[in-house]
Amino acid sequence: MATPVESIPLPELTTDDLSRYSRHLILPEVGMEGQRKLKAARVLCVGTGGLGSPLAFYLAAAGVGTLGLVDFDVVDASNLQRQIIHSTKDIGRKKLDSAEEKLKALNPALNVVKHETMLTSANALEILGDYDIVADGTDNFPTRYLVNDACVLLGKPNVYGSIFRFEGQASVFATADGPCYRCLYPEPPPPGLVPSCAEGGVLGILPGLVGIMQATEVIKLILGKGNSLAGRLLLVDALEMKFRELKLRRNPDCPVCGTNPTLTELIDYQQFCGIVPETKEEKRLKNGIPQMTVKELKQRIDAGEDVQLIDVREPYEYQIAQIGGKLIPQNDVPQRLHEIDREREVVVHCRSGARSQKIAEFLKQAGYPNVANVAGGILAWADEIDPSVQKY
Amino acid sequence: MTIYIPTPLRSYVGGKNAVEIEAGTIAAALAQLTEANPELRQHLFTGEGKVRAFVNLYLNDEDVRYLPAKEDTSVRATDTLSIIPSIAGGTAR
Ligand SMILES: [Zn+2]
C-alpha cells in the first residue's frame, strides 16, 4: 500500500523522539522508517469537536508531525460531554486555541496549524491542498460533500466518520481506486428529514469510538500498512456493541470520481443540500404559520398582555429552562386540546422553534384560527432576551 | 429474513432495531415492512416508489444497487437486509 506522505527525504528522529516513540519503534510495522513517515506527515482535521477531539489527540501522541485544525466555534458547556480535548476552564474560548494548548502539552514537537474559518468552496482547495490526508469530523451535509469533492479533485484520502445517537459509520474515501462519499450517497437528504445530533442527541463516548477508528485509519495510510477501510463501510452500534461491515464500490457514474465526471470544480454546497437563505416573507410566515420573534413576544408580555403561551417540550427539558409557557409535551397535545383556548391566539414554543412549528401547523389543522410559532424558541430567548435562561 | 432498522428510522417501527419478515424477494420484504409501518414509507421511497438517494440497502454485505436483479433478488430466511441512511453528525454543536 503506497503512503500519501510526499516528503522526501524523510526527517531524522531526535534522541527525544527515540525515547518517546520507543513502543512504536519496536513494532516491525512502524519501526524507524514508519516513525519518520509519521513525523513527515501533514494531516488536516476538519472540526475539533466530538470526532476531532480523540482524533487529533491520538495523532499528536503518535508523532504525526503537522496537524491542521479547521474550526471557528467556541467551547460551550454542552460540548464537554464528548469533546474531550476541551476542559471546563475553556468554556467561551476558541476551540482552536483550546485544542492547540492540549495538543502542544501532550507533544511539544507537534506543529499545529490553525484555520479559523468555515470551510467553503472558496477556500477548501487551498486549505486541503497543504495536507497529505484529510480527516472529516464535521457535523453537516454541506461540509461533508464539500470535503469529499475537494479530496477527490485534489487526490487526497478522506478518512470519514459520522455518528448519530448510538450509531456510527467509518470509512476511507477518495483513495487512488476506492469509492468516494458520493459513490455511497449521491445526494443528501432534504433538510429536516434527518435530525442532527443537536436535535437527536448522541452518546458521548460514541464519537470517541469512531474518532479513534478514524485516527487508526490515518496512521495506517501514513505507514502504508494493513488493510484500510477504503471500499468498506464499518458500522458500529454502541447499544448492541455490534460491528458490521458493508462493501462499498466505486460508482462508474459517480459525478465526481466516475469515468466521465460532470463535477470538475467545487459547487455551492448549501444550495446542493437544499438549504436556501430565507426570504423576508418566509421569515414572517412559514407554512402559513406566523413566526413571532422573541423580541415581539417579550414586548407583548411587558405590555401586560396575557399571552396564551404553550411549551411543547418534554418535562425534563422544562426542568432545565423555561420562559413561562404552559407545558404540554408535543405528543400529548392531541389529547389535551381542551386545555388550549380556541377563542384566543395560541403562541407555541419549544427549544429551537422546530417542534413548535409542527405543533402550530397541527393546531391550525385542528381548527385553531390564530396560531403563531416562536422563532428560535428558548435558544433565541436566551441569546436575545435573557442570558440567565439556561441553554441546552 | 432480518431487516436491520437504523437509529433515525426506529421510531417508525415501534423502536425496534430489527424486524423479521418472511418474503421471497427484497422488494416483497420492503413492501411488507412499509405496509405494517406506513409512516416509514416516505422515508424510504420517493413518491414514484423509488428508493431514496440518501438511503442505501444492503443484502448481507452487498449493495443492492450492484446486485444483477437489484430489488427483485430472491432472499432466504438467513439473509439480512440493512437500511443505511446517510448521517452527518460529528462535531455535534
Ligand atoms: Zn465517487
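The model shown is predicted, which means the values in this text are computed figures rather than measured ones. (Residues numbered from 1 in each chain as written. Chains lettered and ligands numbered in written order. Predicted model: local features only at pLDDT ≥ 70, side-chain atom pairs only at ≥ 80, totals over all residues. Heavy atoms only, no water.)

(A) Geometry of the pairing of strand S5 (residues 80-85) of chain B. Residue and element names in this part refer to chain B. Burial analysis of S5 places 6 of its 6 residues in the buried class, the great majority of the element. Where burial is concerned, the two faces of S5 agree: the one with Thr80, Ser82 and Ile84 and the one with Leu81, Ile83 and Pro85 are both buried. The sheet contact formed by strand S1 (residues 2-4) and S5 spans 3 bridges and is parallel. When the sheet's bridge partners are listed, Tyr4 is paired in S5 with Ser82. As judged from the 5 bridges shared by strand S3 (residues 55-59) and S5, these two strands associate in the antiparallel manner. Its bridge partner lying in S5, Leu57 is registered against Ile83. (Buried < 20%, exposed > 50% of the residue type's maximum accessible area, 1.4 Å probe, protein only. Helix = DSSP H or I, 4+ residues; strand = E, 2+ residues; numbered from the N terminus. Pairing = 2+ DSSP bridges.)

(B) Representation of the interface of chain A and chain B. Across the boundary between the two partners, chain A contributes 50 residues, which contact 29 residues of chain B. For the chain A and chain B pair, buried surface summed over both sides reaches about 3300 Å², with 53% attributable to carbon and sulfur atoms. At the surface where chain A touches chain B, the tally comes to 5 salt bridges. Note that Arg249 of chain A and Glu62 of chain B form a salt bridge whose closest N and O atoms lie 2.5 Å from each other. At the surface where chain A touches chain B, the tally comes to 13 residue pairs in polar contact (both at pLDDT 80 or more). Taken together, the elements giving at least two residues each to the side of chain A that touches chain B come down to helix H7 (141-154), strand S5 (158-164), strand S6 (167-173), helix H8 (181-184), helix H9 (197-200), strand S7 (232-237) and strand S8 (242-247) of chain A. By residue number, the principal contributor to the side of chain A that touches chain B is S5 of chain A, which donates 5 residues. Here the residues of the side of chain A that touches chain B sort into 22 nonpolar, 12 polar and 16 charged. (Contact = heavy atoms within 4.5 Å. Buried area = accessible area lost by both parts, 1.4 Å probe. Salt bridge = Lys/Arg side-chain N within 4 Å of Asp/Glu carboxyl O. Polar contact = N/O pair within 3.5 Å; in protein donor to acceptor, adjacent residues only side chain to side chain. Nonpolar A, V, L, I, M, F, W, Y, C, P; charged D, E, K, R; others polar.)

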